[in-house]
Amino acid sequence: MRPLPTSKLDPRIKMVWRLNDALWITIAALCVVLPLWLISLDADEPLLFTAAVVAAAIAVALYVLCLVVLPPIRYQRWRYQLTEDYLEIALGIVWRKRFIIPFIRVQNTDTRQGPIMRVFGLSSVTVATAAGNHEIPGLDVEQAEQVRDRAAELARLAREDV
């Protein structure tokens, strides 16, 4: 098997992942725990209170998993590399994936920046082909622009060679 790509994401992406996951876990937990707890107080049902406590414990476990355990592992597994002929992406913790995107197939390259990434000064680069989009998240804004421009240039050169 060929070696892993050499380029890594910006380390600040771990905080972006943590904030994003914390936001979604909090919303989901509030939507489940709060109604169960309120109904258990009104109906005087111990089973509903127990369900609320179990749901809260699951939320706490998800916080620990998604905010402490997974981000460093996810960061270590996420790699990419641009060569003259293709873009290679490797990712995944349990199910590992490796994509090789030939520049001859690239139709479009974009950068994207959501509100959380903007706070940390990060962007994502998206490479579009007829088969779908591939994203490199968590690059410094300047680095993301360089990767986007380099990928677009390599795609243009690949089309000219045909």
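Residues numbered from 1 in each chain as written. Predicted model: local features only at pLDDT ≥ 70, side-chain atom pairs only at ≥ 80, totals over all residues. Heavy atoms only, no water.

Enquirer: Can you walk me through the sheet that holds strand β6 (residues 122-129) in this structure?
Expert: Strands in a sheet are paired, the pairing made by backbone hydrogen bonds, and the direction either parallel or antiparallel. Spatially, β5-β6-β7 is the arrangement adopted by the three strands of the open sheet, whose pairing is antiparallel. Both edges of this open sheet fall to β5 (106-112) and β7 (132-140), since each of them pairs with a single strand only. Averaged over all pairs of adjacent strands, the angle between strand axes in this sheet comes to 20°, irrespective of strand direction. Of the strand pairs in this sheet, β6 and β7 are connected by seven bridges, and their pairing is antiparallel. Residue pairing in the sheet places valine 125 in a bridge with isoleucine 136 of β7. (Pairing = 2+ DSSP bridges. Helix = DSSP H or I, 4+ residues; strand = E, 2+ residues; numbered from the N terminus. Axes fitted to C-alpha atoms, helices over the stretch in contact; angles between N-to-C directions.)

Enquirer: Sorry, what's going on with the sheet that holds strand β3 (residues 86-91) here?
Expert: Spatially, the four strands line up as an open sheet ordered β1-β2-β3-β4, and their pairing is antiparallel. Across the chains shown, the open sheet's two edge strands, defined by having one partner strand only, are β1 (7-8) and β4 (97-102). Bridge analysis of strand β2 (residues 79-82) against β3 gives four bridges, and the strand direction is antiparallel. Residue pairing in the sheet places tyrosine 80 in a bridge with isoleucine 89 of β3.

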